[in-house]
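Given next are the chains, with one letter for each unit.
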Amino acid sequence: MVNELNRRRFLGTAASIAGATAVAPLLSACGGGNQQTAGVNSEAGLKAALPAYVPSTPVKPDIPSVAGGPDVMTDPGFLSYPANPVATVSGKPGKGGSYTAVTPLWGTVPPAGNSFYQAMNMALGVTLTMKPADGNNYNTIIPTMTAARQLPDWVNLPSWWNPNFNVGELAGTQLADLTPYLSGDNIKKYPNLASIPTAAWRAGAWGDKLYGIPSFSSGFTIAGTVFFRRDLFDAKGITADQVRSADDLMNLGKELTDAKAGVWAFDDVWTYLFPSWNLPLKWAVQDGKLVHKYELPAFLDAMEWHYRLATSGYMHPDAIAGDNVNAVTRFYAGKTLIQGGGTGAWNLADYQSGTAATPSYRRGAFNALAADGKSTPRFFLGPATNMISYLNKNLKPDQIEELLAVANYLAAPYGTAEYTMVNFGVEGTHFTRQNGVPTATDEGKKDVQAQTYPFLASPPSVISNPGGDIVTKDYTAWQAANVKALTKPVFWSMNFSMPQSLATADAAQAVEDTVKDCYHGKKKVSDVQAAIATWKSNGGDRLKQWMTDNVLNKYGTGQ
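Structure report, in brief.

Reading the values: the criteria
Residues numbered from 1 in each chain as written. Predicted model: local features only at pLDDT ≥ 70, side-chain atom pairs only at ≥ 80, totals over all residues. Heavy atoms only, no water. 1 Å grid on protein atoms, 1.4 Å probe; cavity = no way out; pocket = protein on both sides within 12 Å on 5 of 7 lines; lining within 4 Å. Points joined across faces, edges and corners; volume = space filled by probe spheres on them. Helix = DSSP H or I, 4+ residues; strand = E, 2+ residues; numbered from the N terminus. Nonpolar A, V, L, I, M, F, W, Y, C, P; charged D, E, K, R; others polar. Axes fitted to C-alpha atoms, helices over the stretch in contact; angles between N-to-C directions. Left-handed = near helix turned anticlockwise from the far one by under 90°. Contact = heavy atoms within 4.5 Å. Phe/Tyr/Trp six-rings, centres within 6.5 Å; stacked < 30°, edge-to-face > 60°. Buried < 20%, exposed > 50% of the residue type's maximum accessible area, 1.4 Å probe, protein only. Lys NZ or Arg CZ within 6 Å of the ring centre and 35° of its normal. Arc of directions from axis to C-beta. Core = buried A, V, L, I, M, F, W, Y, C linked by side-chain atoms within 4.5 Å. Polar contact = N/O pair within 3.5 Å; in protein donor to acceptor, adjacent residues only side chain to side chain.

Here we take up empty space enclosed by the protein. With the rule as written, the count across this model stands at seven cavities of 30 Å³ or more. The calculated volume of the largest cavity comes to roughly 200 Å³. Contributing to the lining of the largest cavity are 19 residues, with Gly-224, Tyr-272, Leu-273, Pro-275 and Phe-379 lying nearest its centre. Looking at the lining of the largest cavity, the elements with two or more residues in it are strand E13 (225–229), helix H12 (270–273) and strand E19 (379–380). In the lining of the largest cavity, the residues fall into 13 nonpolar, five polar and one charged.

Two measures define how a pair of helices packs: the angle their axes make with one another and the distance between the axes. Contact geometry for helix H13 (residues 297–310) and helix H23 (residues 525–555): axes closest at 9 Å, N-to-C directions at 145°. For the pair H13 and H23, the sense of crossing is right-handed. Contacts between H13 and H23 involve Phe-299, Leu-300, Met-303 and Glu-304 from the first element and Val-525, Val-528, Gln-529 and Ile-532 from the second. The class makeup of the residues in the contact of H13 with H23 is six nonpolar, one polar and one charged.

Right, let's get into the packing of aromatic side chains. Considering all chains together, one arrives at 32 aromatic pairs under this definition. Aromatic side chains Trp-106 and Trp-160 sit 6.4 Å apart centroid to centroid with 35° between the ring planes, which places their arrangement in the tilted category. Here Trp-160 lies in the loop between strand E9 (154–156) and helix H5 (162–165) and Trp-106 lies in the loop between strand E6 (104–105) and helix H3 (115–124), a separation of 54 residues in the sequence. Seen from their ring centres, Phe-331 and Tyr-361 are 6.3 Å apart, and the 85° between their planes marks the pair as edge-to-face. Placement of the pair is Phe-331 in helix H15 (residues 327–332) and Tyr-361 in the loop between helix H16 (348–357) and strand E18 (363–365), with a sequence separation of 30 residues. Classification of Tyr-361 by relative accessible area gives buried; the value is 2%. Aromatic ring contacts, followed pair by pair, group Trp-106, Tyr-138, Trp-160, Trp-161, Phe-165, Phe-216 and Phe-455 into a single cluster. Arg-363 extends its terminal NZ or CZ atom over the ring of Phe-227, reaching a point 4.5 Å from the ring centre. Cation over ring: Lys-488 sits above Trp-492, and NZ or CZ is 4.5 Å from the ring centre.

Another point: helix H11 (residues 246–256). When we look at burial in H11, the residues that qualify are Ala-246, Leu-249, Met-250, Leu-252, Gly-253 and Leu-256. All buried residues of H11 lie within an arc of 155° about the axis, which places them on one face of the element. Exposed and facing more than 90 degrees away from the buried side of H11 are Asp-247, Asn-251, Lys-254 and Glu-255.

Ranked by internal contacts, the top residues of the largest apolar core, which has 68 residues, are Leu-128, Trp-154, Leu-182, Leu-193, Leu-410 and Tyr-453. With eight residues, helix H17 (residues 397–410) is the largest single contributor of residues to this core. Apart from the residues within four sequence positions on either side, Leu-128 is in contact with Tyr-99, Thr-100, Ala-101, Asn-121, Trp-154, Tyr-453 and Leu-456. If you look at the next biggest cluster of nonpolar residues, it comprises 67 residues, including Leu-273, Trp-277, Leu-290 and Ile-338.

This part is about the environment of Thr-420. As for its placement among the helices and strands, Thr-420 is situated in helix H18 (residues 417–424). A C-alpha to C-alpha distance of 9.9 Å links Thr-420 and Ala-87, two positions 333 residues apart in sequence. Setting aside residues no more than four positions away along its own chain, Thr-420 makes contact with Tyr-81, Pro-85, Gly-415, Gly-425 and Phe-431. Within the structure, Thr-420 has its side chain in polar contact with the side chain of Tyr-81 (distance 2.7 Å).

Right, here's the structure in full:
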C-alpha cells in the first residue's frame, strides 16, 4: 500500500516538475472586476489562511525523520507494522449524513456497496458513496462535471491537472472555502489533520483562502534522481560517493559499458540529471530579473554533455531509440546500470521484481552532484503534495464540519487503528497477519487494494517495505544524506492563473522535442539553440514578461 502511494507521489511530482502550478485562463486575481479572487496567494494572506502544525506521533518510527530546513524533512521509516494499532479517534466521526465522493483510480474499480465500503461507512458514521473514476481519463471526466456544475460532495483534484480542471476558478465558484474551519488554531479540532505539515496545505490555497485537503504529503518531494545497480557497483568496488561530477559519470560510462556482452552503462538520465549544471527546473532570478532555464548558458552546457553521452556508445541503443517502456526490464537484467527515474520506484515491489531477475539485486541512487564537481550540489524541492481533495461549496456548515471530522479519521498516522482500517479493511475479512504484516485476502484484493479513501485525506508519507527492510534502510539513508541538498525553486508551491494564450509558450513542446532528440544524439546542440530562439520570439519572451509583471513583482519567488 505504501509502495502504491509512492508511485502516485512520483506521478504528481513529475507532472508538477516546476514546483508551481499554473492555471488557465486568467482570472480576476490578476485583473480587475468584482469576481471572487482565486489565484496567487499573498505572503500575509497565506500565512493567515494556513492551518497550524501540531505534530502527532502515536506510533514511533524505527527510523525518525531528519530535518533539513523550513518545510524540508525526510520521511520516517518503519521496519515493521504495529502489532496492536492504537486508536486516535474516539467513537464515530460522522453524524449519519449521506455524501458522494469521486476519486481517480488507476486499476479495477471495486464493486459498488462492497463489504469494505459498508465497513467503512459503519466506522465513519456516515454513508459515503465512493465513485472511483478511471484515472487515465480523469482529466476529461472532471471538466464535464464542473461544466454542468455537478461536482460530488467530495472530490479529489490532482494538482498536475489544475489547468484542465481550472481549479483557480472553481475555488471561487464551486469549491467550499475551508478557511473558517481550518486556518490557524481552528484545525486543532482535527488533530490528525493538524499533524499534516503546513507546506502541504499550500497546494490547496487560492487567493488567500484555503480550499483543499492534502493527501500523501512529504517534506522530501523531488522530481526524481539517477539510480544505479548497487549490487553490480559493489561487486566492482564502486560507491556512490565516488561520483561527484559529470566527468566522473562519463568515466563510469567507459568503465561499465561492454556492448559485446550486451551491457551499456546508461539508460536515459537527462530529466533528472540536468539540474546538476546548476540549472533550475524552469525559472531562476538573477540580479533581480526573471530568467528561463533555456536562456542560461549552462543549459547548452548540459545539452552538450548529454549529446556526447548519446554519441559515446555508453547509452543503450533502445534508450536512444526512445524506448522507455522497457527501461526497468533492462535495469533488472543488468543490460543498463544507470538510469533516471522517480523516487517512487524505490520500493518493495521493485526489490521483489529485481531479485526475481537477479537474486543479488539492489537499487542505489547517486547523491546530489554538481556537474563541475565544485559547486554546491542540490535537488529542487517539489510541492509537498500533488493530491488534493475539495468539498462542494453547496454543503452546509454542519455538513462541512462532519466531512472534516471524517477527513480527520482518514488522516490518522501510519500504523494506527484508523489507518489500518482505511488501508487494509477488517482483519479476518479483508486482511490477515502474515509474519505480522497485514496481508490482503482475496476479498481484500478485490475491494480494498484499489485505493479510494486515501485520495480524500491521508497522513504524511512514510517509508515502509515489510519483508524488504534493506529497501527501507537504503532509501531512508539516502534521503538523510541528501536532505540538506534540497532547495526550493523559484515560485515554489505557488498557485497562479495564467492566460490561455501563454499556455503553449509555457509548455514549450517544440523545444522539449528538440531537447529530447539532442540527448538521444539525433540532433545537435545548435538545433536546440535554434528551437530556443524560435520559442523566445513566438511567445517565450511574452511569457517571461507576464510572469515578471504578474507573479514575481507582485508576489515574489515563493522561496
